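Coordinate inspection notes
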Amino acid sequence: MRNQTKFALSLLTLALSSSMAAAQEDNTGFTAKADTTIGYDDNIYRVTDELANSDNFLTVAPVLNMAGGVGKQRFELAYDGEYTKFSDSEDADYYDHNFQARAIFDHTLRFGSRFEVGYSKEHEDPGSINRIQLNITEYNKYNQNYFLAGLTYGQASSIGQIAFNYRRTDRDYYTNDLDFLDFVNDQITGRFTYRIAPKTRIYLEAVISDIDYDPPEGFTEIDNKYKRYKAGLSWDFTNKLSGDVNVGYQDRNYEVDGLQDISGLAYDGNITWSMNTYTKLVAEAKRESVDSSLEDTGGFLRTSYSLSLQHELTELLKLNADLGYGKDEFVFNQNRQDKRLAYQLGLEYEVLRFLSVSANYMHQERDSTLATAEFDANVISLIATFTLED
């Protein structure tokens, strides 16, 4: 059920998202983590109250990371999964998998390269998209694979560094007749970073994406080119205040004349304040354009803000509180605007060095000028987390 609430938690804090974070750049060895969750969700498909379907669920979510190296060359393998079984709604069961492999090479003191490949089989949180699916009995599911190749000039510790990446992503939906959303995205990223202080850097970045959809006959192709230009600042002041903030310009240009293009301000940032040794506050903000999941329509603007608080009540007991707000503005439909609210409160207790237990409550809602797009959802869960480090 962790992935079911992923969009809500992305409003709350990126720090809660699962990826390859367990394998840090300076660590080698093997780490393993597994969350076992039992819970209750009163609106599993994120639909209006009249159609809401509630159910109990069991989720097992393993995360495996292995990192090593030969000389200055680094290699990483990672897997995270999410297997959820519902008590009554068998069609809602899902088994997500995400595999990643990464190799980082230092060819000389100045030149380096990196390569990544990945494969995912995942479900889509219906509360995270703008498509209204009132009568679904199964989540939207897709297969996705990607390949990334990158080249750097300068080390991460250098005063300046230039990096170029190429990434190709291929996504294919296989449930709920969503073939018109299948796409291939070819993306090129260029970034220049300059150190202005020991732990402070400024950077310029350009992202250019060519997104090619492959809809069945009768559907409008929403192929588009997306460009994003950023100027940013990252810093870490004595481990008390750290952050990464950028602002810039975005432009999403559709090939079909009838689809409205999107351009204007874009920003993305996060700030972490370690108030003391036992309290940490994280603030985030993001504004971006997103392709619509509706047939024959273009994109929309999504703006989100979040606050996350972590506080150690004792050495073994931790309080987690999160709050997020988001707004979706539909340029293709001036009569619809969605506002999202999510909040979460949880307690985590460390039973043993490798075992912790948590109790969480999360609320997620969407208010809209379109009545059929509104929903409220409440999730109560108990989680046991096992951690193994080599």
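Above this text you will find the structure in question.
Residues numbered from 1 in each chain as written. Predicted model: local features only at pLDDT ≥ 70, side-chain atom pairs only at ≥ 80, totals over all residues. Heavy atoms only, no water.

Observations regarding the overall build of the protein chain
- Secondary structure assignment for the protein chain yields one helix and 18 strands.
- Projected onto its principal axes, the C-alpha positions of the protein chain cover 60 × 55 × 35 Å.
- Look at the contacts in the protein chain between residues 6 or more apart in sequence, and 57% of them connect residues 24 or more apart.
- The distance from the centre of the 37 positive side-chain charges to the centre of the 61 negative ones in the protein chain is 9 Å. (Helix = DSSP H or I, 4+ residues; strand = E, 2+ residues; numbered from the N terminus. Contact = heavy atoms within 4.5 Å. Lys, Arg positive; Asp, Glu negative; His and termini not counted. Charge placed at Lys NZ, Arg CZ, Asp CG, Glu CD.)

With respect to a nonpolar patch on the surface
- Taken together, Phe-111, Leu-151, Tyr-153, Ile-159, Ile-162, Phe-164, Phe-192, Tyr-194, Ile-196, Ile-202, Leu-204 and Leu-233 make up a surface patch of nonpolar side chains, about 1100 Å² in accessible area.
- Put simply, the parts of the chain that give the nonpolar patch at least two residues each are strand 6 (140-153), strand 7 (160-173), strand 8 (183-197) and strand 9 (200-213).
- The leading source of residues in the nonpolar patch is strand 8, at three residues. (Patch = residues over 30% accessible without salt bridge, like charges linked within 9 Å, V, L, I, M, F, W, Y side chains within 5 Å. Areas by Shrake-Rupley, 256 points an atom, 1.4 Å probe, with all protein chains shown as cover. Salt bridge = Lys/Arg side-chain N within 4 Å of Asp/Glu carboxyl O.)

What about a negative patch on the surface?
- A contiguous patch of negative charge, built from Asp-172, Asp-177, Asp-179, Asp-212, Asp-214, Glu-221 and Glu-255, is present on the exposed surface.
- Looking at the secondary structure, you find Asp-214 in the loop between strand 9 and strand 10 (224-237).

Some thoughts on the pattern of salt bridges
- If you walk through the whole model with that rule in mind, you get 18 salt bridges.
- The salt bridge involving Arg-131 is made with Glu-295; its shortest N-O contact spans 3.0 Å. Taken as a pair, Arg-131 in the loop between strand 5 (111-124) and strand 6 and Glu-295 in the loop between strand 13 (279-291) and strand 14 (299-312) lie far apart in primary sequence, 164 residues in all.
- The exposure class assigned to Arg-131 is buried, which follows from its relative accessible area of 14%.
- Overlapping salt bridges, with partners in common, bring together Arg-74, Glu-76, Arg-102, Arg-114 and Glu-116 in one network. (Buried < 20%, exposed > 50% of the residue type's maximum accessible area, 1.4 Å probe, protein only.)

Structural notes on the environment of Phe-237
- Along the chain, Phe-237 turns up in strand 10.
- As a C-alpha pair, Phe-237 and Thr-175 span 62 residues in sequence and 48 Å in three-dimensional space.

Remarks on empty space enclosed by the protein
- Applying the stated rule across the entire model yields three cavities of 30 Å³ or more.
- The calculated volume of the largest cavity comes to roughly 80 Å³.
- Residues belonging to the lining of the largest cavity are distributed by class as follows: six nonpolar, three polar and four charged. (1 Å grid on protein atoms, 1.4 Å probe; cavity = no way out; pocket = protein on both sides within 12 Å on 5 of 7 lines; lining within 4 Å. Points joined across faces, edges and corners; volume = space filled by probe spheres on them. Nonpolar A, V, L, I, M, F, W, Y, C, P; charged D, E, K, R; others polar.)

Notes on the pairing of strand 13
- Examined bridge by bridge, strand 12 (residues 262-276) and strand 13 share nine bridges and lie antiparallel to one another. Across the sheet, the residue bridging to Trp-273 is Leu-281, located in strand 13.
- The sheet contact formed by strand 13 and strand 14 spans 13 bridges and is antiparallel. By the bridge assignment, Arg-287 is partnered in strand 14 with Thr-303. (Pairing = 2+ DSSP bridges.)

A few points about the side chain of Asn-140
- The topology assignment puts Asn-140 in strand 6.
- A polar atom in the side chain of Asn-140 sits 2.7 Å from the side chain of Asn-176.
- Other than its neighbours up to four places away in sequence, Asn-140 contacts Glu-122, His-123, Glu-124, Ile-129, Gln-133, Tyr-173, Thr-175, Asn-176 and Leu-178. (Polar contact = N/O pair within 3.5 Å; in protein donor to acceptor, adjacent residues only side chain to side chain.)

Observations concerning the pairing of strand 5
- Strand direction decides the pairing type here: strand 4 (residues 94-106) and strand 5, joined by ten bridges, are antiparallel. Residue pairing across strands places Ala-101 opposite Val-117, the latter belonging to strand 5.
- Here strand 4 hands over to strand 5 after four residues, the two strands then running antiparallel side by side.
- One ladder, built from 14 bridges, connects strand 5 with strand 6; its direction is antiparallel. Looking at the pairing, Gly-112 lines up with Thr-152 of strand 6.

Here we look at the environment of Asp-376
- Within the secondary structure, Asp-376 is located in strand 18 (residues 375-389).
- Taking the C-alpha atoms as reference, Asp-376 lies 9.9 Å from Arg-340; in sequence the two are 36 residues apart.
- Setting aside residues no more than four positions away along its own chain, Asp-376 makes contact with Asp-42, Asn-43, Asp-49, His-363, Gln-364 and Glu-365.

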